[in-house]
Amino acid sequence: MFENYHHLTELMKSMNLSCLSELQERAIKLYETNLKEYVTVKLGNPIEKISTFFLGVKQSLSSAVRPEEVGFQINYSRSVLKNVIKQYPLKDIRRSIEHYLNKIEKHLCEEEYLYETVGSSYCHSILSQVSEYQGLMKVCYPDSGVTFEFREEDIRRLFDVRMQKMG
């Protein structure tokens, strides 16, 4: 669906008619909404277990558990966090991202810039999750020394290398 909105917005931009500006804004919003849904729902998450773990951490925080007490809950202890993170070494992240980028390539028509747009959106989605989870680790597990086995730069590099291969 987002492909159709993408083509519609590109067509409206190229026509540059002021009478279509309201429709163009609406089409852009629908395009962005559908692109976000595609990236978050249809593609999947290469760090799904980490996301599930931190969803539980966020739910604990929202139910009046203080950040420094989260690690004392059985399901969200430091050792559980370490075990979840160990399941995602960089080589597995690379493999998952390659899988999802292949999925994008199969889903989309053969327009290179649309592939780059979706890939960039997907990369941004993963990076924002990683950043959020790092923030939660600093707040809830401050002296634990637990970190991801990958860095945000590693993920960016994986996407950049793949995008260069396509280009």
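Up top is the structure these notes are about.
A brief structural summary. Positions within a chain are numbered from 1, following the residues in the order the chain's sequence is written. Side-chain atom pairs in this predicted model are given and counted only at pLDDT of 80 or more, local residue features only at pLDDT of at least 70, and totals for whole chains, interfaces and linings cover all residues. As a convention, hydrogens and water are excluded, and side-chain values are obtained from all of the structure's heavy atoms.

Secondary structure elements are defined from DSSP: runs of H or I of at least 4 residues count as helices, runs of E of at least 2 residues count as strands, and each element is numbered from the N terminus. Helix and strand counts for the protein chain come out as eight helices and zero strands. Helices and strands in the protein chain line up, N terminus first, as α-α-α-α-α-α-α-α. Throughout, the radius of gyration refers to the C-alpha atoms, and the reference size of a globule is 2.2 Å times the residue count to the power 0.38. Its C-alpha atoms give the protein chain a radius of gyration of 19 Å, clearly above 15 Å, the size a compact globule of 167 residues would have. Principal-axis analysis of the C-alpha atoms gives the protein chain an extent of 60 × 35 × 20 Å. Buried, partly exposed and exposed residues are distinguished by accessible area as a fraction of the type maximum, computed with a 1.4 Å probe on protein chains only: under 20%, between the cut-offs, and over 50%, respectively. Taken across its 167 residues, the protein chain has 41% of its residues classed as buried. In this analysis, two residues are considered to be in contact whenever any of their non-hydrogen atoms come within 4.5 Å of each other. For the protein chain, contacts bridging at least 24 residues in sequence account for 74% of all contacts bridging at least 6. Methods summary: accessible areas were calculated by the Shrake-Rupley approach with a probe of 1.4 Å, and residue burial reflects only the protein chains presented. As displayed, the protein chain offers around 10,200 Å² of accessible surface, 51% of which is attributable to carbon and sulfur atoms. His is not counted here, nor are the chain ends, while Lys and Arg score as positive and Asp and Glu score as negative. Where a charge sits is defined by one atom per residue type, namely NZ (Lys), CZ (Arg), CG (Asp) or CD (Glu). Of the charged side chains in the protein chain, 22 are positive and 23 negative, and the gap between their average positions amounts to 7 Å.

The next subject is the environment of Phe 2. Here Phe 2 lies in helix 1 (residues 2-15). When the C-alpha atoms of Phe 2 and Asp 160 are compared, they prove to be 23 Å apart, with 158 residues separating the residues in sequence.

This brings us to the pattern of salt bridges. Salt bridge, as used here: a side-chain nitrogen of Lys or Arg that lies within 4 Å of a carboxyl oxygen of Asp or Glu. As enumerated under the stated definition, the model contains eleven salt bridges in all. Among the salt bridges present, the one from Lys 13 reaches Glu 10, with a minimum N-O distance of 4.0 Å. Of the two residues, Lys 13 and Glu 10 are both situated in helix 1; the distance of three residues between them amounts to about one turn of the helix. The partly exposed category is assigned to Lys 13, whose relative accessible area is 46%. Taking relative accessible area as the criterion, Glu 10 reaches 34% and is therefore assigned partly exposed. Salt-bridge contacts for Arg 156 lead to Glu 152; the nearest nitrogen and oxygen are separated by 3.7 Å. Remark: Glu 152 and Arg 156 occur in helix 8 (residues 152-166); sequence separation between them is four residues, near one turn of the helix.

Helix length check: helix 2 (residues 21-42), at 22 residues, gives a terminal C-alpha distance of 30 Å against a target of 32 Å (1.5 Å per residue), a fit within 8%. Residues of helix 2 that are buried include every one of Gln 24, Ala 27, Tyr 31, Asn 34, Leu 35, Tyr 38 and Val 39, and no others. All buried residues of helix 2 project into a common sector of 130° when viewed along the axis, lining one side. Exposed and oriented more than 90 degrees from the buried face of helix 2 are Glu 22, Glu 25, Arg 26, Lys 29, Thr 33, Lys 36 and Val 41. Multiply 1.5 Å by the residue count of a helix minus one, and that product is the helix's expected span. The directions considered for the arc run from the helix axis to the C-beta atoms.

In this text, buried Ala, Val, Leu, Ile, Met, Phe, Trp, Tyr and Cys residues form a nonpolar core when linked through side-chain atoms within 4.5 Å. The biggest cluster of nonpolar side chains holds 45 residues, and the ones touching the most others in it are Phe 54, Ile 104, Tyr 141, Phe 148, Ile 155 and Phe 159. Mapped by element, the contributors of at least two residues to this core are helix 1, helix 2, helix 3 (48-62), helix 5 (78-86), helix 6 (90-107), helix 7 (112-140) and helix 8. When residues of this core are assigned to their parent elements, the largest contribution, twelve residues, is made by helix 7. Those residues in contact with Ile 155 that lie beyond four places of it in its chain are Ile 93, Ile 97, Ile 126, Leu 127, Val 130 and Phe 150.

It is worth spelling out the packing of helix 3 against helix 5 at this point. Working convention: axes come from line fits to C-alpha atoms, limited for helices to the stretch in contact. Angles between N-to-C directions cover 0 to 180 degrees. Contact geometry for helix 3 and helix 5: axes closest at 8 Å, N-to-C directions at 155°. By the angle between their axes, helix 3 is roughly antiparallel relative to helix 5. The chirality of how helix 3 crosses helix 5 is left-handed. Across the interface between the two elements, Lys 49, Ile 50, Phe 53 and Phe 54 of helix 3 pack against Val 80, Leu 81 and Val 84 of helix 5. When an angle is under 35 degrees it counts as roughly parallel; over 145 it counts as roughly antiparallel; between 65 and 115 it counts as roughly perpendicular; any other value is oblique. We call a crossing left-handed when the near helix sits turned anticlockwise from the far one by less than a right angle, and right-handed when that turn is clockwise.

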